[in-house]
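A structural walkthrough
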Amino acid sequence: MQALVPQLTTLAVLLPAIGALLGALTFLIWPTLKAELAHGHDDHHGHDDHAPEAPTASSKWAHYVAMSLTTGSVLAATVISWTLFIGLNNGTAEPVTTHWFTWFSAGPWAVTFGTMLDKLSATMLIVVTSVSACVHVYSWGYMAEDASKRRFFIYLSAFTFAMLMLVTAPNLVQMFLGWEGVGVCSYLLIGFWFHKASANAAAIKAFIVNRVADAAMLVGLFALAATFGTLTYSEIFAKVDAVSATNSYAISFIALFLFIGAMGKSAQFGLHTWLPDAMEGPTPVSALIHAATMVTAGVFLLCRMSPLYEAAPQVLHIVGYVGAITAIFAATVGLTQTDIKRVIAYSTCSQLGYMFFAIGVSAYPAAMFHLTTHAFFKALLFLGAGSVIHGMHHEQNIFNYAKSGYVLRKVLPITYGLMWLGSLALAGIPPFAGYFSKDLVLESAFAAPGGWGLPLYAIGTLAAMLTAIYGFRIIFMSFHNKPKVDEAHAKPTKAKSKKEAHHDDHHHTPHESPWIMLVPMLPLAFGAVLSGWLLHNMGTLEWWDGSIVIHHAHSALHDAHHIPEFFKKLPLILAISGITLAFYLFAEYRGIPKRISQLLPIPYAISLNKWYIDEIYQVLWVNPTASVARFFAEWGDKKGIDGLLNGGAATVRDFGQWLRGAQTGYVYHYAYAMLLALTLGLGYLLWKTM
Amino acid sequence: MFYTLTLSHVLTLSALLFTMGMAGIVLNRRNIIAILMCLELVLLSVSINLVGTSYFRADITGQIFSMFILTVAAAELAIGLAIVTLFFRNRGTIEIDAADLMKG
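Residues numbered from 1 in each chain as written. Chains lettered and ligands numbered in written order. Predicted model: local features only at pLDDT ≥ 70, side-chain atom pairs only at ≥ 80, totals over all residues.

With respect to the overall build of chain B
We count it as follows: By the criteria applied, helices consist of DSSP H or I runs no shorter than four residues and strands consist of E runs no shorter than two, each listed in order from the N terminus. A radius of gyration in this sense is built from C-alpha atoms; the matching globule rule multiplies 2.2 Å by the number of residues raised to 0.38. Field definition: a residue is buried when 20 or more other C-beta atoms are found within 10 Å of its C-beta, exposed when 12 or fewer are, and partly exposed for counts in between, with C-beta atoms placed from the backbone. A pair of residues counts as a contact when their C-beta atoms, built from backbone coordinates, are within 7 Å of each other.
Looking only at helices and strands, chain B has three helices and zero strands in total. Traced from its N-terminal end to its C-terminal end, chain B shows the element sequence α-α-α. Computed over C-alpha atoms, the radius of gyration of chain B comes to 17 Å, more than 25% over the 13 Å expected from 2.2 N^0.38 for 104 residues, which places it beyond the range of a compact globule. For the C-alpha atoms alone, the extent of chain B along its principal axes is close to 50 × 30 × 25 Å. Within the span of chain B, comprising 104 residues, buried residues form 12% of the whole. Considering only contacts in chain B between residues 6 or more positions apart, those separated by 24 or more positions represent 52%.

Structure, rendered in structure tokens:
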């Protein structure tokens, strides 16, 4: 086994890239099809709005070849990843670093490519490949009617490759390449339905917000290279003690800027604005990139850099508070959003906040544990939401599910059940996965030395209750309708919707999703239910075999088990009461939330408008930037550069205009000119000879 | 009283004819036929030149040359007239100012 580990790691990383490349080769055999350029089906129109002409046999092949290649390669990578993970877990395999090739070297510097396999990267490997494999298979059903689905699959596999490179990189340069690679794929996939203006805007927003964070990250990387003289993890970690003794400010600086970079990717408060907008992408993308894998890259990076962060305790405080603010902020916003995907997006944001405040109290194992369980249940929730959206013909507003007049839990029984599992895991109810990891996070915060984590614990516990409320708000609002109540109270609405339905020729009855979509949700459901219990060793430092380092003074994780019993149970009590509350508010007495919103208009408006962050940024950054850009466009580009070139062109044109007068077109003018020239020429010769 | 015919008489006549021909081409504004006629005049002046110099230098080449010129001039005139005919058919006029397609 051990002899094969390096090759297997390399294979696991490269397989999705090979799949994506082979998939892209189908464009050589079957060039871009007409239908791929036309508007495919999108979220806001019925399936048959743009009924494509009957696909030809070859166009079908084009898609199925690419889809099979990408899906197959990712499935193979998943099998290999699990083999490696189980091998590492059972001790039959050892952590190993491989060297692929040297990219370039300059003096003592050498930037190399390779892989690094230890428990940390192995955990990320199984998370990324498992979710990616499920999403690939799920997309066979979800994207079945899309005209350019092969492009979708190629992007998905390319993303998987970039993410695997990010997590297995042995140095920060290769990690950063993967980091940017996932950014590009995220951009491409958010804007996959490129004919939708909102999708384009969201893609650009995601890219730009991440650029801001990446700029900070680059500063951190440069500082790191300048201070340590290397960007290879193992060499950095070996030098941390020596550098920290002489130059602890440098370490804090590096840690802070790397954290800002991580904040962007992981959508922490302040740089989170792109994540909810990213829901414009197809739902499988949301599940893979914006819930389970890419957004956790920041958490992974901080855990990977744990020896460095342990030497920068002030920065850890910042990390902790940013995480806590994100957790509570996103939870409050999640309470009032109406788009099913946006609620889950804010929930992701909130859960990422938990991971960061676990890191803040040095409980890296708790963060990684929560990352793993979260990947399963959040991907499950997203795929479940995708199944509802698919079944409801691209309706994403949970209030419209209520108005549709259908009882969704009867129409979509399997999806309903799976959503319950995911939501219970999210709310942290035992024995579901979220319970183990979230409680560990909160207990670690409580046990932080000196009690500085107590505010984090309080915020996190409150957010846990809100999580339960908004999590089950989705379930109860979407699935628990009472047709009778609808007829009695919502008759005008229903009549209206019927009228609209009549208006819209493409009205369909909701339907349960096909098996190709339900089956890939089963492994995720399995993970959502059991991963917390199966992988609970992840919550201990010992399990990580040195891939995570915690300073002995930062004993939060160690002391987490010794906190008072009441505070251990408090999150669970609040979560259960949150679910109960959600049941009464959103299933039984639906009038109450409206009354609350009328009684508390200001908190309601703040929550509904996402704390006005987007509006503040609009005034603070976007408008000034746009003004400056407009100034330079007007004076620099239009008046300056264009003026110069147009002025030159105009001069030449005017001269030509003047000169063309000589070209009269009359024969006798030419004859005259000839005569004149001849006479003058001859006269000159004559004069010369005389 | 008799004047002896000298080479300068011949050359003067030729120069006069040439100048008339050129003036006709350059100053004429009306008629393409007139241009062709003036062209003939220019060619004739050249022929006279050749014949004159040939006579006074006792060299027959110039006179043979002038025979060629007459032949070529006839052919050229035939082509020129054909073009003018076609031009008239297309434009309905043979005014020189109508032939301005080359105007820049």
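Focus on the interface of chain B and chain A
The accessible area lost on association of the parts is a frequent measure of interface size. Quick reminder of the rule: For this scheme, ten residues count as nonpolar: Ala, Val, Leu, Ile, Met, Phe, Trp, Tyr, Cys and Pro. Four count as charged, namely Asp, Glu, Lys and Arg, and the remainder, Gly too, count as polar.
With 12 residues of chain B at the contact, the number on the chain A side is 10 residues. Its residues assigned to classes, the side of chain B that touches chain A shows seven nonpolar, two polar and three charged.

Re the nonpolar core
Residue and element names in this part refer to chain A. Note the cut-off: Remark: nonpolar core denotes a set of buried Ala, Val, Leu, Ile, Met, Phe, Trp, Tyr and Cys residues whose joining runs through C-beta atoms within 7 Å.
Counting residues in hydrophobic clusters, the biggest one holds 212 residues, and the most contacted among them are Leu 84, Ala 367, Ala 379, Leu 380 and Ala 528. Ranked by residues supplied to this core, first place goes to helix 16 (residues 364–391) with 17 residues. Excluding residues within four positions of it along the chain, Ala 367 makes contact with Val 299, Cys 303, Met 355, Ala 358 and Ile 359.

Let's talk about helix 25 (residues 521–534) of chain A
Residue and element names in this part refer to chain A. What counts here: One less than the number of residues in a helix, times 1.5 Å, gives the span that helix is expected to have. For a residue, the bend is simply the angle between two axes, fitted respectively to the seven-residue segment ending there and the seven-residue segment starting there.
Taking 1.5 Å as the rise per residue, helix 25 with 14 residues should run 20 Å; its terminal C-alpha atoms sit 19 Å apart, in good agreement. Of all the bends in helix 25, the largest measures some 40° and sits at Ala 528. Those residues of helix 25 that are buried lie in contact with helix 4 (119–142), helix 16, helix 19 (413–427), helix 20 (433–446) and helix 24 (515–518).

Notes on unusual backbone geometry
All names here are of chain A. Omega for the peptide link from Pro 430 to Pro 431 comes to 0°, which places this bond in the cis form. Residue placement: Pro 431 occurs in the loop between helix 19 and helix 20. Within the chain, His 394 stands out as a residue other than glycine whose phi angle is a positive 65°. Checked against the element boundaries, His 394 lands in the loop between helix 16 and helix 17 (398–403). Residue class for His 394 comes out partly exposed when judged on the 16 C-beta atoms lying within 10 Å of it. We note that Lys 610 has phi near 55°; this positive angle belongs to a residue other than glycine. Along the polypeptide, Lys 610 turns up in the loop between helix 29 (601–608) and helix 30 (613–659). Judged by the 21 C-beta atoms lying within 10 Å of it, Lys 610 is buried.

Thoughts on the pairing of strand 1 (residues 96–106) of chain A
Residue and element names in this part refer to chain A. As a reminder, the rule being used: Note: two strands are recorded as paired if DSSP finds a minimum of 2 bridges between them.
The buried count for strand 1 comes to zero of 11 residues, which makes it a mostly uncovered element. When strand 1 meets strand 2 (residues 109–117), the two strands line up antiparallel, connected through nine bridges. In the sheet register, Thr 98 faces strand 2, and the bridge partner there is Thr 115. Taking the residues that link successive antiparallel strands as the turn, the strand 1-strand 2 hairpin has two residues, and the phi of Gly 107 there is positive, at about 60°.

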